[in-house]
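# Summary of structural features
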Amino acid sequence: GDRRLFQRPLARLYSQYHVTLLVDCSGSMSGSGCYYAAQAAHILFVSLKESGASVDVIGFNREIFKLAADSFQGINRDMINLVSEEAASGNHDGYALSIVTNEILRQDKPGRIICVISDGVPRCDYPTPDCQRKGCFPTNRELSENLSFEVNNTRKKGIVLLALGIEHKVSNHY
């Protein structure tokens, strides 16, 4: 509540926004990647919450998980557990983006933002639960094409899509 001469409270500026931080928790994120992603997610979570936005932090590998965003230790702990469980598996960025896009559209806020925090390219060692039911096993090329489709689909729905690369460039995919 300290209002200094040149400070303005920002809470009202972002109260009309819902932000979903979509964090890659695949095996390739083990080690420093996991730490940097958890740190970035926590900093963004705290900053956005203090600015009045509603925020979710979702982790993904072959599945989708809500992460404990209330503290850096909580996010880091959840990510380390997910990354170590999935050390040999891939990540399905397009599948995760599709689910999060549908979830964020249910929010009653006019401003919707998805920020993906990832180390790069989708990779498949095991199919998603959806693919298992259909009996398919996508190739890495198919995963990249699916991600491109889902990125375009998300943007067409009026959702702002951002990506933060952890130790690798993500601009080729997002």
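First things first, this report covers the structure right here in the doc.

### Some details on the pattern of salt bridges
- This model, assessed by the stated rule, comprises one salt bridge.
- With a closest N to O distance of 2.5 Å, E103 and R106 form a salt bridge.

### Digging into helix α5 (residues 140-156)
- Its 17 residues give α5 an end-to-end C-alpha distance of 24 Å, which sits within 8% of 24 Å, the value for a rise of 1.5 Å per residue.
- Along α5, the residues that are buried comprise L143, L147, E150, V151 and T154. End-on view of α5: buried residues confined to an arc of 105 degrees, all on one side of the axis. Residues R141, F149 and K156 are exposed on α5 and point more than 90 degrees away from its buried face.
- Looking at the packing, one finds that the buried side of α5 touches α3 (93-105), β4 (111-118) and β5 (160-165).

### Here's the deal with the sheet that holds β4
- One open sheet holds the five strands; their spatial order is β3-β2-β1-β4-β5, and the pairing between them is mixed. The sheet is open, and its two borders are formed by β3 (64-66) and β5, each paired with just one other strand. Neighbour to neighbour, the strand axes of the sheet diverge by 25 degrees on average, direction disregarded.
- Direction of pairing for strand β2 (residues 54-60) relative to β3: antiparallel, over a ladder of three bridges. Bridge pairing links F60 to I64 in β3.
- Sheet contacts for helix α1 (residues 32-50): β1 (17-24), β2, β4 and β5; angle to β1, the most-contacted strand, approximately 175 degrees.
- Those strands touched by α3 are β1, β2, β3, β4 and β5, and its axis lies near 155 degrees from that of β4.

### Digging into the packing of aromatic side chains
- Tallying each qualifying case throughout the model produces two aromatic pairs.
- Seen from their ring centres, Y14 and Y17 are 6.0 Å apart, and the 50 degrees between their planes marks the pair as tilted.
- On the basis of relative accessible area, Y17 is assigned to the partly exposed category, the value being 31%.
- The interplanar angle of 65 degrees and the centroid separation of 6.0 Å between the aromatic rings of Y35 and Y36 together place this pair among those described as edge-to-face.
- The exposure class assigned to Y35 is partly exposed, which follows from its relative accessible area of 37%.
- We classify Y36 as partly exposed; its relative accessible area is 40%.

### Section: α3
- When the terminal C-alpha atoms of α3 are compared, their 18 Å separation across 13 residues agrees well with the 18 Å that a helix rising 1.5 Å per residue should span.
- Looking at α3, one finds that the buried residues are D93, G94, A96, L97, V100, T101 and I104. Looking straight down α3, one finds that the buried residues subtend no more than 155 degrees of arc, so they occupy a single side.
- The inward-facing, buried residues of α3 contact β1, β2, β3, β4, α5 and β5.

### Here we look at the environment of S28
- Structurally, the position occupied by S28 is in the loop between β1 and α1.
- S28 gets classed as partly exposed once you look at its relative accessible area, which sits at 37%.
- On a C-alpha basis, the gap between S28 and D119 in space is 7.6 Å, while along the polypeptide they are 91 residues apart.

What counts and what doesn't
- Residues numbered from 1 in each chain as written.
- Predicted model: local features only at pLDDT ≥ 70, side-chain atom pairs only at ≥ 80, totals over all residues.
- Heavy atoms only, no water.
- Salt bridge = Lys/Arg side-chain N within 4 Å of Asp/Glu carboxyl O.
- Helix = DSSP H or I, 4+ residues; strand = E, 2+ residues; numbered from the N terminus.
- Expected span 1.5 Å × (residues − 1).
- Buried < 20%, exposed > 50% of the residue type's maximum accessible area, 1.4 Å probe, protein only.
- Arc of directions from axis to C-beta.
- Contact = heavy atoms within 4.5 Å.
- Pairing = 2+ DSSP bridges.
- Axes fitted to C-alpha atoms, helices over the stretch in contact; angles between N-to-C directions.
- Phe/Tyr/Trp six-rings, centres within 6.5 Å; stacked < 30°, edge-to-face > 60°.

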